[in-house]
Structure formats: structure tokens, C-alpha cells
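A structural walkthrough
Listed below, chain by chain, are the residues.
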Amino acid sequence: RKGLTEEQLLGRYDMVLHLVTAADGAEKFYTTANNKARRETVEEARALDKKMVGCWGQHPHHHVIDNSTDFKGKLARATSAVISMIERRE
């Protein structure tokens, strides 16, 4: 927004949870067939994903959830990060 600093923009959020695109590490699950909004190629999706990580990288509670596990594991790691953040705030 006009007139806001990066620090102010980042300060609006308690946490940033970034789930890495399937196009980076889980390519066999990345398809445009099941998602009408998805138009990017695998390469384009990876590039956009890296840009998003860069945009939020300065946030003190920026969590990147990669594709090192199956999707159920990915969701479990994301859930754990959120729960940890909530517990710290209590």
C-alpha cells in the first residue's frame, strides 16, 4: 500500500505460513487439470514460489513448509507451526 513501509506491512501479520508449490519437490502432483485457476508451468510456478518466499523472508515468524514429506505430513507440519505460534502468544 502506498505510504506503508515494508516493516509496517510485515507487522500486520503475526505469522506467515508458506506452503511450497507442488511444482518444487512434488512435481508428479502438480497439474493444471484439477485446478482451473492454475495456469503456470512447473518452471513458472517454481519461480513465483521463490519470489513469494523472498517477499516474506524478513518476517520474524515466516515458516516455509516444503515437500519433503507426503501431503499429510506437509499439513501436519503446517498445523504444528500454527499451534506453536498460538502457544507462544498465550
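Right above here is the structure, for reference.
Read on for a plain summary of the structure.

1. Things to note about the overall build of the protein chain
- For the protein chain, the helix and strand inventory stands at 3 helices and 2 strands.
- Each helix and strand of the protein chain, ordered N terminal to C terminal, gives the series α-β-α-β-α.
- Seen through its principal axes, the protein chain has C-alpha atoms that stretch 40 × 35 × 20 Å.
- For the protein chain, the proportion of its 90 residues judged to be buried stands at 23%.
- Of the charged side chains in the protein chain, 15 are positive and 13 negative, and the gap between their average positions amounts to 5 Å.

Parameters and conventions
Numbers given to residues run from 1 along each chain, matching the order in which its sequence is written. Given that the model is predicted, a residue must reach a pLDDT of at least 70 before its local features are reported, and side-chain atom pairs must reach 80 or more before they are shown or counted; all residues, however, enter totals for whole chains, interfaces and linings. Water and hydrogen atoms play no part in the side-chain values, which are based on all heavy atoms of the structure. Helix and strand definitions follow DSSP, with helices as H or I runs of at least four residues and strands as E runs of at least two, each counted in order from the N terminus. To sort residues, take the accessible area from a 1.4 Å probe on protein chains only and compare it with the maximum for the residue type: under 20% means buried, over 50% means exposed, and anything in between is partly exposed. Positive residues here are Lys and Arg, negative ones are Asp and Glu, while His and the chain termini are left out of the count. Charged groups are reduced to one reference atom each: NZ for lysine, CZ for arginine, CG for aspartic acid, CD for glutamic acid.

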